[in-house]
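# Coordinate inspection notes
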Amino acid sequence: MKKLNLFLACAIFCAGASFAAKEKDVPLVESKYSFEYRETAQKLREPKAPFEQDGLIVFSAQEGPHYVGIAFDFENFQKIHPFQKRIILDEDGEKDRAWYFYILEEYPKTDKILYRLIIDGLWTTDPMNPKQHYDETTGIRLSQIDVRREYEIATSVKTSSNGKSVHFVYKGKSGQNVRVAGTFSNWDSWIYRLAETSRGFYELTLPMNEGTYYYVYCIGTKEFPDLTNHERAIKDGGKAVSKIIVTNE
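Structural notes, computed from the coordinates. Just so you know, these numbers come straight off a predicted model, no measurement behind them.

This brings us to the overall build of the protein chain. A tally of helices and strands in the protein chain yields two helices and 20 strands. Expressed as a percentage of the 249 residues in the protein chain, the buried residues total 35%. Summarising the internal contacts of the protein chain: among those between residues at least 6 apart in sequence, 59% fall at separations of at least 24. Total accessible area computed for the protein chain in this model is approximately 16,000 Å², and 52% of it derives from carbon and sulfur atoms.

This is the structure:
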């Protein structure tokens, strides 16, 4: 009986190990990845040059190497992100073709991204991407992808021939009376009103001298911080207000 139990235990372990090894090659479905990520991974049918889709950047590599990784300039090439393997099965459940892929979800607001691949321990440019950038300071060639993603407009400091100004932005329901009050108006909320330039999108540009300013938006009697500006401070009475700094730089 003991021998039988030992045999069954070994059989179960071996079956489990075989299943785990097979699972490494199936398409990514873990819940920790976003729906957009998983959908993009499932739609990728072959390795190709890197491309943007729904705010994601997709990289891929041919099957063959044991390991493919990628490192980016905005991380100073200090972090290597491993590619995952994508396998397509035929009608009999046998492997038809396979390749590696990596999907970049978060990246800075930039016009281009420079990167290098690490294939079986060797640093190299991306064979799938003909566009390269030569770094004169290091003498290294890097792969390049141009970023065309549009970013939402947010309240910010503008520079023009007339000096500095702050461009206020509010996004909400259409047809509202949106005002802004702050230290620049002695907290009077009836001086400055934002214009609805498109449906639910309100804007106002005010000239500002160098300094630090605090403000809130107002609709009726309600006051609230600017959601497009993450800089915050606490006003007298404990209310949160938005903060913006105007410099001469």
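Read across the sheet, four strands follow the order β1-β2-β6-β5 without closing on themselves; strand pairing throughout is antiparallel. Because the sheet does not close on itself, it has two edges, and the strands there are β1 (51-53) and β5 (84-89). The sheet shows a mean angle of 40 degrees between the axes of neighbouring strands, direction not considered. Looking at chain direction, strand β2 (residues 56-62) and strand β6 (residues 95-104) are connected through six bridges and run antiparallel. By the bridge assignment for β6, V58 is matched with I103. Against the sheet, helix α2 (residues 35-43) makes contact with β1, β2, β5 and β6, and its axis sits at roughly 145 degrees relative to β6, the strand it touches most.

Cut-offs applied
- Position numbers for residues start from 1 in each chain and track the written sequence from start to end.
- Side-chain atom pairs in this predicted model are given and counted only at pLDDT of 80 or more, local residue features only at pLDDT of at least 70, and totals for whole chains, interfaces and linings cover all residues.
- No hydrogens and no water enter the side-chain calculation; it runs on all heavy atoms of the structure.
- Comment: elements are numbered from the N terminus, with helices defined as DSSP H or I runs of at least four residues and strands as E runs of at least two.
- Burial classification: accessible surface area is computed with a 1.4 Å probe over protein chains only, and a residue below 20% of its type maximum counts as buried, one above 50% as exposed, and the rest as partly exposed.
- We call two residues contacting when some pair of their heavy atoms lies within 4.5 Å.
- Where accessible areas are quoted, they stem from the Shrake-Rupley method and a 1.4 Å probe; at the residue level, only the protein chains shown are allowed to cover.
- A pair of strands counts as paired when DSSP detects no fewer than two bridges linking them.
- To get an axis, a line is fitted to the C-alpha atoms, and for a helix only the part in contact is used. The angle between two axes follows their N-to-C directions and goes from 0 to 180 degrees.

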